[in-house]
Amino acid sequence: MKKLTNGFLLGALLISAAHAQTNAGDQKPDPDLPFTVTKVASLDLPWRIAFLPDGRMLVTEKVGRLQLVTPQGAKTEVKGVPPSQFEGQNGMLGVFLSPHYAHDHNVYLTYVAPGDYGGGLAMGRGQLVLDGNQARLDNFQVLWNQMPTGKGGQAGAQIAFSPDGKYLFLTVGDRQRFTPAQDADQPVGKILRLTLDGKPAPGNPWAGKTGAQTISLIDPATDTEAAKSAPVVSTYTFPSPNLTPAETWTTGHRTPYGLAFAPDGRLWELEHGPKGGDELNLIQRGKNYGWPLVSYGMNYNGVPIPSPDTRPDLAKPVIYWVPVIAPGNLMFYKGSMFPKWKGSALISGLVSMGIIRVTVDGKGGATAVGRWSLGKRIRDIEEAPDGSLWLLEDAEPGGLYRLTPK
């Protein structure tokens, strides 16, 4: 067993050496924008865009709405949307088309659902019906929900569908509670791999396992150390088996707002660090990404957190940012309008107020190669069917912008 353990640690160190961690926090913005930015519409705290095949888009507003927006900026509110808890970082968050949308017209939503105490991340889907100038979601059904509900932001709420269209990956943030991200019985701080119906996917690392029937709820803590002794607010007993272990793909995530498959089929994740230490991670089955045990940042109140360099048993980010960029989302460009960017990852930034381009090498490495400041908190960047890029400004009112090459 000792030889196996030593071999594992050696392998981890070799992988770390092959893909050394890079701090891209000091990357300077390019003063020359290679694109033209055109404002198309105003929205209230917009969060995510999902493009329909005809070029229209579905846009979530954190205040609780889903809008159907034309490329010219005309808006129609979509009916049949579930209620959400709009508070701080919580509300109506993600919108994603089914990988089989051409046949089923299904649309997935992620949002913080209201509860008896705080809220809980929920994922559901409904069938989009377009009737002239009207739009609605029919037969909306909740497929997965985080229990118990509780206080805290950082819901995560991003979905990435597997390239074969059979499964979905759902990010669940730590809800500012820190320690549950390392608790195998709770979904917070995890990336889940589910069927399209929200059930545990076959082949998951802990497939078939169930968790503790009763778990404890804590409130958000002031820092990683305080969370270790945070008082229990309540306990929750699952009415049926706790499937969290069977759902889990990876653990140890803080605020996973970005999740996307690269053209080579590798899965990448982007998350906020605390004060410093935003991360771009290569996601691999069953790995622990360290939060809140380690970070390249520190707590907001200055309480230190051990460096990832002290824990070779935990997966390290490929790129980290000190100071932070506060990422909004992550996507890979596939179009031809920006031919030099094909295959690149594009990252939206809130604190950095712009976008960042990252190239990946197909071997698990990544390099930040471009950064542009737009003077706005950018929550989302997405690609339209024609290859143009569209941005959401995180503000109330915020904006929807179209980017085209100069």
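Parameters and conventions
- Residues numbered from 1 in each chain as written.
- Predicted model: local features only at pLDDT ≥ 70, side-chain atom pairs only at ≥ 80, totals over all residues.
- Heavy atoms only, no water.
- Helix = DSSP H or I, 4+ residues; strand = E, 2+ residues; numbered from the N terminus.
- Rg over C-alpha atoms; globule rule 2.2 N^0.38 Å.
- Buried < 20%, exposed > 50% of the residue type's maximum accessible area, 1.4 Å probe, protein only.
- Contact = heavy atoms within 4.5 Å.
- Areas by Shrake-Rupley, 256 points an atom, 1.4 Å probe, with all protein chains shown as cover.
- Lys, Arg positive; Asp, Glu negative; His and termini not counted.
- Charge placed at Lys NZ, Arg CZ, Asp CG, Glu CD.
- Core = buried A, V, L, I, M, F, W, Y, C linked by side-chain atoms within 4.5 Å.
- Pairing = 2+ DSSP bridges.
- Axes fitted to C-alpha atoms, helices over the stretch in contact; angles between N-to-C directions.
- 1 Å grid on protein atoms, 1.4 Å probe; cavity = no way out; pocket = protein on both sides within 12 Å on 5 of 7 lines; lining within 4 Å.
- Points joined across faces, edges and corners; volume = space filled by probe spheres on them.
- Nonpolar A, V, L, I, M, F, W, Y, C, P; charged D, E, K, R; others polar.
- Salt bridge = Lys/Arg side-chain N within 4 Å of Asp/Glu carboxyl O.
- Phe/Tyr/Trp six-rings, centres within 6.5 Å; stacked < 30°, edge-to-face > 60°.
- pLDDT = per-residue confidence, 0-100.

Participant: Teacher, can you tell me more about the overall build of the chain here?
Facilitator: On a plain count of helices and strands, the chain comes out with 4 helices and 27 strands. Taking 22 Å as the expected radius of gyration for a compact globule of 406 residues, we find that the chain reaches 20 Å, a close match to that expectation. Along the first, second and third principal axes, the C-alpha atoms of the chain reach 65 × 50 × 40 Å. Across the 406 residues of the chain, 56% fall into the buried class. Considering only contacts within the chain whose residues lie at least 6 apart along the sequence, 60% involve residues at least 24 apart. Carbon and sulfur atoms make up 53% of the accessible area of the chain, which totals about 16,500 Å². Of the charged side chains in the chain, 39 are positive and 36 negative; the average position of the first set lies 4 Å away from that of the second.

Participant: What is the right way to read the nonpolar core from this model?
Facilitator: Generally speaking, nonpolar side chains in soluble globular proteins are found buried as a group. By size, the foremost hydrophobic cluster in this structure holds 21 residues, and its most contacted members are Tyr 108, Met 123, Trp 144, Ile 159, Leu 168 and Leu 170. If you list the elements that add at least two residues to this core, you get β7 (92-97), β8 (106-114), β9 (119-131), β10 (134-145), β11 (156-161), β12 (167-172) and β13 (190-195). Those residues in contact with Trp 144, other than ones at most four positions away along the chain, are Leu 121, Ala 122, Met 123, Leu 170, Val 172, Pro 187, Leu 192, Leu 194, Gly 198 and Glu 247.

Participant: Mind showing me how you'd approach the sheet that holds β9 here?
Facilitator: Note on sheets: strands pair through backbone hydrogen bonds, and any given pair is parallel or antiparallel. Spatially, β7-β8-β9-β10 is the arrangement adopted by the 4 strands of the open sheet, whose pairing is antiparallel. Unpaired on one side and paired on the other, β7 and β10 mark the two borders of the sheet. Shown here is a sheet whose adjacent strand axes are inclined to one another by a mean of 25°, direction ignored. Here β7 runs beside β8; their pairing, made up of 5 bridges, is antiparallel. Across the sheet, Met 92 pairs through a bridge with Tyr 111, a residue of β8.

Participant: Please explain the layout of surface pockets as it appears in this structure.
Facilitator: In this structure, the largest pocket occupies an estimated 1,000 Å³ of space. Around the largest pocket sit 30 residues that line it, and Phe 96, Leu 97, Phe 161, Lys 334 and Glu 382 are the ones nearest its centre. For the lining of the largest pocket, the elements supplying multiple residues, two or more each, are β3 (46-51), β7, α2 (101-104), β11, β17 (255-261), β21 (327-332) and β25 (378-383). Residue composition of the lining of the largest pocket, by class: 23 nonpolar, 3 polar and 4 charged.

Participant: Looking at this structure, I do not really get the pattern of salt bridges. What am I missing?
Facilitator: Oppositely charged side chains are able to pair whenever their charged atoms sit close together. For the coordinates displayed, the defined rule picks out 13 salt bridges. Put simply, Asp 54 and Arg 56 hold a salt bridge, and the shortest N to O gap is 3.0 Å. In this structure Asp 54 comes out as partly exposed when scored by relative accessible area, which is 48%. As a salt-bridge pair, Asp 313 and Arg 311 come within 2.8 Å of each other at their nearest N and O atoms. One network of salt bridges, in which partners are shared, links Asp 44, Glu 61 and Arg 65.

Participant: Explain the sheet that holds strand β22 (residues 345-349) to me, please; I cannot follow it from the model alone.
Facilitator: Strands sit in the order β21-β22-β23-β24 across an open sheet of 4 strands; the sheet is antiparallel. The sheet terminates laterally at β21 and β24 (366-373), the two strands that pair on one side only. On average, each strand axis in the sheet is tilted by 20° relative to the strand beside it, whichever way the strands run. Relative to β22, β21 is paired through 4 bridges, and the arrangement is antiparallel. When the sheet's bridge partners are listed, Pro 327 is paired in β22 with Gly 349.

Participant: Explain the packing of aromatic side chains to me, please; I cannot follow it from the model alone.
Facilitator: Two descriptors summarise a pair of aromatic rings, namely the distance from one centre to the other and the angle between the planes of the rings. Inspection of every chain in the model, using the stated rule, returns 14 aromatic pairs. Geometrically, the ring pair formed by Phe 35 and Trp 372 is edge-to-face, given 6.0 Å between the ring centres and 70° between the ring planes. Taken together, the residues span a long stretch of sequence, with Phe 35 in strand β2 (residues 35-43) and Trp 372 in strand β24 at a distance of 337 residues. Grouping residues by exposure puts Phe 35 and Trp 372 together as buried. Centre to centre, the rings of Phe 338 and Trp 341 are 4.8 Å apart; their planes meet at 10°, and the pair counts as stacked. Exposure remark for Phe 338: the relative accessible area of 6% places this residue in the buried category. Site record: aromatic cluster; members linked through ring pairs are Phe 35, Tyr 333, Phe 338, Trp 341 and Trp 372.

Participant: What is the right way to look at the environment of Lys 376 in this model?
Facilitator: By secondary structure assignment, the location of Lys 376 is in the loop between β24 and β25. Residue class for Lys 376 comes out partly exposed when judged on its relative accessible area of 26%. Sequence separation of Lys 376 and Asp 394 is 18 residues, and the distance between their C-alpha atoms is 7.6 Å. Ignoring any residue separated from it by four or fewer positions in sequence, one finds Lys 376 in contact with Gly 349, Met 353, Gly 354, Glu 393 and Tyr 401.

Participant: Sorry, what's going on with the confidence of the model for the chain here?
Facilitator: If pLDDT is low for a region, its predicted coordinates should not be looked at in detail. In the predicted model, the chain carries a mean pLDDT of 95, and the fraction of residues at 70 or more is 95%. When mean pLDDT is taken per element in the chain, β13 scores highest with 99 and helix α1 (residues 2-18) scores lowest with 39.

Participant: Explain the side chain of Ser 98 to me, please; I cannot follow it from the model alone.
Facilitator: Following the sequence through the fold, Ser 98 ends up in the loop between β7 and α2. Among the residues examined, Ser 98 registers a relative accessible area of 6% and is labelled buried. If we ignore the near neighbours within four places in the chain, the residues touching Ser 98 are Asp 104, Asn 106, Tyr 108 and Phe 161.

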